[in-house]
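Reading the structure
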Amino acid sequence: TWTFTLRDGLEWHNGKPVTGEDCVASIKRWGARDSMGQKLLSVIADLSAPDAKTIKMVLKQPYGLVLESLGKTSSNVPFMMPKELAGTDPNTQLTEAIGSGPFIFKKDEWKPGEKAVYLKNPKYKPRSEPASAMAGGKVVKVDRVEWVWIADTQTQVNALMNGEVDLVEIVPPDLLPLLQKEKAVKVMATNTWGRQYSMRFNVLTKPFDNAKVRQAVLYALSQKEFLDANSGNPDYYKECKSVFPCGSPLESTKGWDDKLTGNIAKAKEMLAASGYDGTPAVLLHQTDTAGHNNLATVAKAQLEKIGLKIDLQPMDWQTLVSRRAKKDPLDKGGWSAYFTSWGSPDVLNPVSAAFVNASCDKATFGWSCDETIEKLRDAYAAETDPAKQKAIAEQVQLRLLEYPTFVPLGQFTTPTAVRSNLNGLITPTPALALWNVEKK
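Note that the structure is a prediction, hence the values are computed from the model and not measured.

What to know about the overall build of the protein chain
For the protein chain, the helix and strand inventory stands at 13 helices and 17 strands. Relative to the compact-globule value of 22 Å for 440 residues, the protein chain shows a C-alpha radius of gyration of 23 Å, a close match. Buried positions account for 48% of the 440 residues belonging to the protein chain. A separation threshold of at least 6 residues defines the contact pool for the protein chain, and within that pool the share at least 24 residues apart is 70%. Total accessible area computed for the protein chain in this model is approximately 20100 Å², and 51% of it derives from carbon and sulfur atoms. Charged side chains of the protein chain number 54 positive and 50 negative; the gap between the two group centres comes to 1 Å.

Considering the environment of Ser231
By secondary structure assignment, the location of Ser231 is in the loop between helix H8 (223-230) and strand E10 (237-238). C-alpha of Ser231 to C-alpha of Met80: the two residues are 151 residues apart in sequence and 35 Å apart in space.

Some details on the side chain of Arg419
Note that Arg419 resides in strand E15 (residues 416-419). Put simply, Arg419 is tucked away with no salt bridge, and the nearest opposite charge, on Asp166, sits 5.3 Å away. If near-sequence neighbours (up to four positions away) are discounted, Arg419 is found in contact with Leu160, Met161, Asn162, Gly163, Val165, Asp166, Ala184, Val185 and Lys186.

Topic: unusual backbone geometry
A cis amide bond links Lys206 with the next residue in sequence, Pro207, at an omega value of -5°. Mapping Pro207 onto the fold places it in the loop between strand E9 (195-201) and helix H7 (211-220). Geometrically, the link from Thr427 to Pro428 is a cis peptide bond, its omega value of -5° lying close to zero. Note that Pro428 resides in the loop between strand E16 (422-423) and strand E17 (438-439). Unusually for a residue other than glycine, Leu260 sits at a positive phi of about 60°. Take Leu260: its relative accessible area is 1%, and that puts it in the buried class.

Topic: the packing of H8 against helix H10 (residues 295-304)
Contact geometry for H8 and H10: axes closest at 9 Å, N-to-C directions at 145°. Along this stretch, H8 crosses H10, giving a crossing that reads as right-handed. Two secondary-structure elements touch here, H8 through Glu225, Phe226, Ala229 and Asn230 and H10 through Leu295, Val298, Ala299 and Gln302. Tallied by class, the residues present in the contact of H8 with H10 amount to 5 nonpolar, 2 polar and 1 charged.

Observations regarding the sheet that holds strand E4 (residues 103-105)
Spatially, E4-E5-E6 is the arrangement adopted by the 3 strands of the open sheet, whose pairing is antiparallel. Strand pairing shows two members of the sheet lacking a second neighbour, E4 and strand E6 (144-148), which therefore form its edges. Each neighbouring strand pair of the sheet contributes to a mean axis angle of 25°, computed without reference to strand direction. Here strand E5 (residues 115-120) pairs with E6 via 5 bridges, running antiparallel. Opposite Leu119, over in E6, you have Arg144 as the bridge partner.

Digging into the layout of surface pockets
Quantified by volume, the second largest pocket comes out at close to 750 Å³. As for the second largest pocket, its lining consists of 39 residues, of which Pro249, Ser344, Pro345, Leu348 and Asn349 are closest to the centre. Of the residues contributing to the lining of the second largest pocket, the split by class is 18 nonpolar, 16 polar and 5 charged.

Here we look at the sheet that holds strand E7 (residues 167-168)
With antiparallel pairing, the 3 strands of this open sheet are ordered in space as E7-E15-E8. Edge positions in the open sheet fall to E7 and strand E8 (185-188), since each of these has one partner strand only. Sheet topology note: the E8/E15 ladder contains 4 bridges and is antiparallel. Considered in E15, the bridge of Val187 is made with Ala417.

A closer look at the state of the cysteines
Going through the model one piece at a time under the given rule, you end up with 2 disulfides. In this model Cys240 forms its disulfide with Cys246; the gap between the sulfur atoms is 2.1 Å. Negative torsions about the S-S bond denote left-handed disulfides, and the value of about 95° found for Cys240 with Cys246 makes this one right-handed. Residue Cys246 is classed as buried on the basis of its relative accessible area of 13%. At a sulfur-sulfur separation of 1.9 Å, the disulfide partner of Cys360 is Cys369. Its torsion about the S-S bond being 65°, the disulfide of Cys360 and Cys369 is classed as right-handed. Classification of Cys369 as partly exposed rests on a relative accessible area of 37%. Numbered by position along the chain, the disulfide-linked cysteines of the protein chain connect as 1-2, 3-4.

What counts as what
- Residues numbered from 1 in each chain as written.
- Predicted model: local features only at pLDDT ≥ 70, side-chain atom pairs only at ≥ 80, totals over all residues.
- Heavy atoms only, no water.
- Helix = DSSP H or I, 4+ residues; strand = E, 2+ residues; numbered from the N terminus.
- Rg over C-alpha atoms; globule rule 2.2 N^0.38 Å.
- Buried < 20%, exposed > 50% of the residue type's maximum accessible area, 1.4 Å probe, protein only.
- Contact = heavy atoms within 4.5 Å.
- Areas by Shrake-Rupley, 256 points an atom, 1.4 Å probe, with all protein chains shown as cover.
- Lys, Arg positive; Asp, Glu negative; His and termini not counted.
- Charge placed at Lys NZ, Arg CZ, Asp CG, Glu CD.
- Salt bridge = Lys/Arg side-chain N within 4 Å of Asp/Glu carboxyl O.
- Axes fitted to C-alpha atoms, helices over the stretch in contact; angles between N-to-C directions.
- Left-handed = near helix turned anticlockwise from the far one by under 90°.
- Nonpolar A, V, L, I, M, F, W, Y, C, P; charged D, E, K, R; others polar.
- Pairing = 2+ DSSP bridges.
- 1 Å grid on protein atoms, 1.4 Å probe; cavity = no way out; pocket = protein on both sides within 12 Å on 5 of 7 lines; lining within 4 Å.
- Points joined across faces, edges and corners; volume = space filled by probe spheres on them.
- Disulfide = S-S within 2.5 Å.

Right under this line is the structure:
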């Protein structure tokens with residue numbers, strides 16, 4: 001049994017107090033969609049709020065990942081919200097953004113695709129300890145944050161150098177030399193844990209409904225070409241043939257040493273043996289996200305070398321997000337694969353890594369479906385011995401060679417640039433945090 005007590009002074013942005021019932025409803029909504037949340041909910045016998053300040057979680061069995069699940073830092077975060085919002089169907093988009101945190105979303109100034117505005121929450125009572133990545137005391141030292149979207153990266157950098165903006169979250173490596181000469185600008189890597197590039201298969205549509213075709217892809221692709229084309233600077237990337245991040249406790253190349261090296265001859269041989277019928281693979285190609293916009297084009301060139309036909313469909317990221325949610329056939333807007341990246345903390349283990357999730361319709365876009373992987377994920381979640389956890393993770397990694405759900409394409413970090421009059425940016429942190437930041 002786990003018991004959580006809410007701290008004093010928590011209040012929603014609409015002025016109502018935060019209650020245990022709100023949090024129970026929020027955890028249930030998050031758990032219906034998130035990879036780790038699904039596993040956690042599957043072992044919960046009872047989740048309730050005995051009183052306004054208490055959350056009680058009774059498990060059916062010992063489970064090793066309770067805090068790791070609730071402490072997730074991105075995709076998908078178990079954000080708390082009022083129970084009337086949390087009661088929204090988990091597959092339906094929320095229409096309001098009401099939280100209890102240090103910033104308040106200013107909906108009337110929101111211009112989708114252009115600008116989001118957040119105001120300091122004057123009623124927020126931070127924890128007493130110093131800020132620590134996503135935890136600790138979240139003390140806001142500015143009155144207002146404007147998050148502005150500028151499509152062209154050169155324009156972003158020019159705006160920073162001219163003092164029109166204070167921070168550029170992701171600077172393409174080819175523009176770093178401009179900033180490194182600028183005395184009024186500091187360049188740093190806030191997310192030193194890095195991210196993992198990934199190619200995600202859709203197992204419902206041809207040609208990647210065939211596991212043998214997916215196996216051929218593992219041999220055909222070369223990590224280094226993806227890293228060179230998208231990150232570009234070896235100071236900010238590294239090849240990593242581990243399903244789980246290099247530098248993490250579960251790092252292992254077992255079974256993967258000969259994969260991801262661009263072995264065209266081997267890949268051709270495997271594709272021929274797969275019975276591939278010539279159906280073009282539809283690759284969704286995001287064109288507007290720095291450091292990601294050449295992933296699909298590199299894959300196209302590499303896969304065509306082994307005889308796969310490729311239909312490359314360019315689009316912005318928002319369109320891709322809409323397209324990837326569809327299970328339609330290829331001729332009606334369906335897709336075969338898309339490319340993205342995950343923060344290393346999101347893919348640290350078989351339960352947290354959404355692309356490892358193989359729970360069929362409950363899995364994320366791509367809908368991988370494999371009973372063996374799911375049994376191993378359950379075994380990992382129930383284990384508390386780190387050595388045994390690592391052994392299970394290696395079994396998962398080997399199973400992914402037989403039933404590939406995605407392709408890890410290497411690790412990278414992204415430089416963030418800030419004007420020198422901005423202090424207090426928290427680092428290292430897996431996602432940009434703007435509490436503790438002071439502008440002089």
